[in-house]
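Descriptive analysis of the structure
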Amino acid sequence: MTAKRVLITGGGRGIGRAAALRFAREGAHVVVAARTSGELDEVVAEIEAAGGKGLAAQMNVTDLGSVEAAVWRATEFTGGPIDVLVNNAGVFDVIPFEKMGHKAWSKMIDVNLTGAYYVTQESLNALEEGERPVIINVASGAAKRGFPGNTAYCASKYGLKGFGDALRLDLAEKGVRVVTVYPGGTDTTIFDDVEGDWDRASMNTVEEVAEVIFGAAAAGDEVTDLDVAPPA
Ligand SMILES: NC(=O)c1ccc[n+]([C@@H]2O[C@H](COP(=O)([O-])OP(=O)(O)OC[C@H]3O[C@@H](n4cnc5c(N)ncnc54)[C@H](OP(=O)(O)O)[C@@H]3O)[C@@H](O)[C@H]2O)c1
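First, a word on what this report is: a plain description of the structure on this page.

1. Things to note about the sheet that holds strand β1 (residues 5–9)
Pairing within the open sheet is parallel, and its seven strands lie in the order β3-β2-β1-β4-β5-β6-β7. Only two strands of the sheet have a single neighbouring strand rather than two, namely β3 (53–58) and β7 (225–228). In this sheet, adjacent strand axes meet at a mean angle of 15 degrees when their direction is disregarded. In the sheet, strand β6 (residues 177–183) pairs with β7 via four bridges, with the strands oriented parallel. Among the inter-strand pairings, T180 is bridged to a residue of β7, identified as D225. Along the sheet, helix α2 (residues 37–50) contacts β2 (29–34) and β3; its crossing angle with β3, the most-contacted strand, is approximately 170 degrees.

2. Some words on the site of the ligand
Around the ligand sit 30 residues, and of these G10, G14, R35, T36 and G90 come closest. Of all the secondary-structure elements, those providing two or more residues to the shell around the ligand are α1 (14–24) and α4 (102–128). The element contributing the most residues to the shell around the ligand is α1, with three residues. Partitioning the shell around the ligand into residue classes produces eleven nonpolar, 16 polar and three charged.

3. Overview of the packing of α4 against helix α5 (residues 151–171)
Viewed as axis vectors pointing N to C, α4 and α5 meet at an angle of 15 degrees, and their least axial separation amounts to 9 Å. As far as their axial angle goes, α5 and α4 are roughly parallel. Here α4 and α5 pass one another in a crossing that is right-handed. The segment α4 lies against α5, with A104, W105, M108, I109, N112, L113, A116 and Y117 engaging A152, Y153, A155, S156, K157, G159, L160 and F163.

Scoring rules and cut-offs
- Residues numbered from 1 in each chain as written.
- Predicted model: local features only at pLDDT ≥ 70, side-chain atom pairs only at ≥ 80, totals over all residues.
- Pairing = 2+ DSSP bridges.
- Helix = DSSP H or I, 4+ residues; strand = E, 2+ residues; numbered from the N terminus.
- Axes fitted to C-alpha atoms, helices over the stretch in contact; angles between N-to-C directions.
- Contact = placed C-beta atoms within 7 Å.
- Near = placed C-beta within 6 Å.
- Nonpolar A, V, L, I, M, F, W, Y, C, P; charged D, E, K, R; others polar.
- Parallel < 35°, antiparallel > 145°, perpendicular 65-115°, else oblique.
- Left-handed = near helix turned anticlockwise from the far one by under 90°.

Take a look at the structure:
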């Protein structure tokens, strides 16, 4: 079996980093993509230490030119095909609707939803060349129910679920699977600057979410949606 060729957006920290290391433990070739190159370089060193091969590809998922350049670098690294695309880059904020300005709204939709569209569109040819290719979209429990102060976040994540449900139908004939993962609260830096009384100790660990993402890549064709609930 050839080593899996994996592209993970938001791979510099948090869930994306943990997923990168999970694939690396199986000897995968993993491209981590995000804006902060220092974090990507650190993850690449960890990927290599875990037994994989890594590439840092700086990418802003909201900038099509940046996505094009990074996916091109990713395919140079993998030799062309991509087997696993993890659309994980995301931002989160809690803003009551009456205070929700256009800028904050657009940022959430642009990163969490349009970003996944850009990266998927640019990666499609490489995925079609992959072995049992799969697109794994990291949504959220907020893709299934509303939370106060989350109009933009919920809209982006419900949107990502809808994107995946329709994309699955469009790509079925090409043999590209689409799986949506719905993590509950997970202890990462995403909460660092967000107001709220977050009980981070009771949340999922990034390793628990990474295991589900890893499992999604190996799952049967019937698997389309996977929850990751924090322990009760
Ligand atoms: N933590 C949770 O409780 C939770 C629960 C459900 C779902 N999720 C989802 O899981 C995903 C990962 O979240 P996390 O908790 O691991 O957050 P995190 O620790 O803040 O990591 C987010 C990652 O996304 C990248 N990113 C943000 N904006 C980007 C952009 N414009 N272009 C490229 N990369 C960008 C960040 O890198 P740069 O800033 O360097 O670009 C970082 O690598 C997100 O989609 C989030 O919505 C998280």
